[in-house]
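# Report on the structure
Each chain, letter by letter, is given below.
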Amino acid sequence: MRNMFTRCAAAAAAAVLTLSFSSCGGKDSSSDNNSGKEIVSDIGDDVNIAADDMPYGACIFRMEQGENGIPVTTEVDSRFYSEEEAKLICNYFWAISSKDGALFDSVSYKPYNDEMLKSGGYSSSQEYMEAYYDKYYIVIGTDYEFSYIYAVDCKKEDSGYNFSKYDDIIKEVAPDAEITSKKVVPVYLNYEAKDGSSSGEVIPRDTYDFPMGAELGDSNYIWICLYEIDGKSYIIS
């Protein structure tokens, strides 16, 4: 399973050097959620290692389920995502898993969200989350809860991904909005069946078109976008 692989990779990296969340460029290194430790290494105090040169797993930031209101264990690479963004990613997928329209609203940009609900024929975010839950049900094959979220890659504007489909909608519904950054988040998801009969990774299939993967050359991920609009981050999907 993906989460076991991640833990093993992170452990291997820690054998080379153990890193704090702040050493990898994270924005919110003071959080109690941070499971990183201070650097313990024999390479010398005067040696600096660039984040991009660190071993795989060295910059993993983990938020444990049940700690400080985190609904599902989430791991991200702090070179790409702040703690605030990690929580947005976590809460977005938990909103689907728990059919929670209010939680979905809390991570969404309201003008964009209102337009997408209208164009999709949904009367509310709650109805939309129930429908989205069913789309994942087709893929998973049983009632489920997401049990693990893993996002350690990032595609920015130079990735070749066409952000204009989202930009155009935002400009139309909020002409004065300032988009200050945008990136695509490739996500691995694990699930557990509610009846305990199965668990595993959510693997996109032809029965449901998880967006963006084919365009970027890897349909094995589930893809969402993170936009910073007027200085605040939102999930755009």
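Just above, that's the structure.
With that out of the way, let us pick up helix 6 (residues 164–173). Residues that lie three or four places apart on an α-helix share one face, since the helix turns once every 3.6 residues. Every buried residue belonging to helix 6 is among Tyr166, Asp167 and Ile170, and all of these are buried. Projected down its long axis, helix 6 carries its buried residues within an arc of 100°, all on one side.

The full count for this structure, using the stated rule, is 20 aromatic pairs. When the ring of Tyr150 is compared with that of Tyr188, the centres are 6.1 Å apart and the planes differ by 35°; the resulting orientation is tilted. Separated by 38 residues along the polypeptide, Tyr150 in strand 3 (residues 144–151) and Tyr188 in strand 4 (residues 179–193) bring together distant segments of the chain. Like Tyr188, Tyr150 is buried. Pairing Phe163 with Tyr227 gives two aromatic rings, centres 6.2 Å apart and planes at 65°, and the pair type is edge-to-face. Of this pair, Phe163 sits in the loop between strand 3 and helix 6 while Tyr227 sits in strand 6 (residues 222–229), placing them 64 residues apart in sequence. For the pair shown, Phe163 and Tyr227 are each scored as buried. Among the aromatic side chains, those forming a connected cluster through ring pairs are Tyr92, Phe93, Phe104, Tyr122, Tyr128, Tyr132, Tyr133, Tyr136, Tyr144 and Phe146. For Lys99, the ring lying beneath its charged end belongs to Tyr133, and the centroid distance is 4.3 Å. We note Lys135 situated over the ring of Tyr132; from NZ or CZ to the ring centre the distance is 5.6 Å.

Attention now goes to the side chain of Glu85. Take Glu85: it is sitting in helix 2 (residues 83–97). Residue class for Glu85 comes out buried when judged on its relative accessible area of 6%. Ignoring sequence-local partners within four residues, the contact set of Glu85 consists of Phe80, Lys183, Leu226 and Ser233.

Attention now goes to the pattern of salt bridges. Across all of its chains, the model carries 9 salt bridges by this definition. One salt bridge in this structure joins Lys155 and Asp153, with 3.7 Å as the shortest N-O distance. Across the pair Glu157 and Lys182 runs a salt bridge whose closest N-O atoms are separated by 3.9 Å. Remark: Lys182 occurs in strand 4 and Glu157 occurs in the loop between strand 3 and helix 6; sequence separation between them is 25 residues.

Thresholds applied
Residues numbered from 1 in each chain as written. Predicted model: local features only at pLDDT ≥ 70, side-chain atom pairs only at ≥ 80, totals over all residues. Heavy atoms only, no water. Buried < 20%, exposed > 50% of the residue type's maximum accessible area, 1.4 Å probe, protein only. Helix = DSSP H or I, 4+ residues; strand = E, 2+ residues; numbered from the N terminus. Arc of directions from axis to C-beta. Phe/Tyr/Trp six-rings, centres within 6.5 Å; stacked < 30°, edge-to-face > 60°. Lys NZ or Arg CZ within 6 Å of the ring centre and 35° of its normal. Contact = heavy atoms within 4.5 Å. Salt bridge = Lys/Arg side-chain N within 4 Å of Asp/Glu carboxyl O.

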